[in-house]
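# Topology and contacts: notes
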Amino acid sequence: MAQKAILSDAMFTVVRAPLGRWVLYQELILNLSGIRADPAVIEPIYKEERHAAESKGQVAFLRSGDYRRHWGAINARLLRRLDSSISKTKAQKIGEQIFFEVMFNPENYLLQRELGEFAQAARERDYALYLATNQEVKGIVGILDHFQIRHFFRDIFVSDEIGFKKPDSRFFEHCVGATGCPPNRIAFLGNNPRNDMEGAAAGGISHRFLFDPDGEHLDTKCAVSCVQIGSLLELFEHF
């Protein structure tokens, strides 16, 4: 058994959009709907709609495809706030296309800086790396294979396969149990204060690292304690 385990989120943690998440959204919205919107306008609307959707509570069980529909609906409401003339049906269709581009298309991403060094440092310390992501299996496997980094991770935990999505505590409890490590020897690394940090806390993980290289969450309130880091390698200073 490894000395410790690190569970890591995937999108915007292991891979990154070259010009940032909101420029990626700007480009996708323009290309798929023709709507021109500034990233500074897109970001707060998206966050409001995501918070509203994710504040409805946990689901009993996540069926295959539910996460695609969930995120597609968030994107659809974003589109309709940017252009109220778009029908709900069309907005949902485009919203799911945005989901596909964000979650499936590796051409939209680069590897996160320091990822190779991070994986090597984990191996040298006998730490096992795992991915724990809200995704569809085909999407995350395609990303890993494109960048040839699947070997960095001992296993991959995917919401569509587990049946629960972050921040549901049952998602994290599944991941903790599958590592074989006690919760006090597990760290969670992610970029979302609610889904990653609060979810990990609910799942019994006390070592929580909010990866925020662009300072997006400097003023974000998080309901649980976590260590905010701007570099992947900073994690090893605390764990």
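For the structure, check the block above.
As the structure is a computational prediction, the values presented were derived from the model and not from experiment.

### Some remarks on the state of the cysteines
- Enumeration over the complete set of coordinates arrives at 0 disulfides.
- Of the cysteine sulfurs around Cys 181, a residue in no disulfide, the closest is that of Cys 175, at 13 Å.

### So, the packing of helix H3 (residues 66–82) against helix H4 (residues 88–104)
- Between H3 and H4, whose axes approach to 7 Å, the crossing angle comes to 120 degrees. In terms of their interaxial angle, H3 and H4 are classed as oblique. Crossing angle aside, the handedness with which H3 passes H4 is right-handed. Residue-level contacts link Tyr 67, Arg 68, Arg 69, Trp 71, Gly 72, Ala 73, Asn 75, Ala 76, Leu 79 and Arg 80 of H3 to Lys 88, Ala 91, Gln 92, Ile 94, Gly 95, Glu 96, Ile 98, Phe 99, Phe 100, Val 102, Met 103 and Phe 104 of H4.
- Residue composition of the contact of H3 with H4, grouped by class: 13 nonpolar, 4 polar and 5 charged.

### Brief notes about the side chain of Asn 108
- Topologically, Asn 108 is positioned in the loop between H4 and strand S3 (110–111).
- Its relative accessible area of 17% is what places Asn 108 among the buried residues.
- A distance of 2.8 Å separates a polar side-chain atom of Asn 108 from the backbone oxygen of Glu 101.
- When sequence neighbours within four positions are dropped, the list of residues in contact with Asn 108 reads Arg 16, Ala 17, Pro 18, Leu 24 and Glu 101.

Criteria and cut-off values
- Residues numbered from 1 in each chain as written.
- Predicted model: local features only at pLDDT ≥ 70, side-chain atom pairs only at ≥ 80, totals over all residues.
- Heavy atoms only, no water.
- Disulfide = S-S within 2.5 Å.
- Axes fitted to C-alpha atoms, helices over the stretch in contact; angles between N-to-C directions.
- Helix = DSSP H or I, 4+ residues; strand = E, 2+ residues; numbered from the N terminus.
- Parallel < 35°, antiparallel > 145°, perpendicular 65-115°, else oblique.
- Left-handed = near helix turned anticlockwise from the far one by under 90°.
- Contact = heavy atoms within 4.5 Å.
- Nonpolar A, V, L, I, M, F, W, Y, C, P; charged D, E, K, R; others polar.
- Buried < 20%, exposed > 50% of the residue type's maximum accessible area, 1.4 Å probe, protein only.
- Polar contact = N/O pair within 3.5 Å; in protein donor to acceptor, adjacent residues only side chain to side chain.

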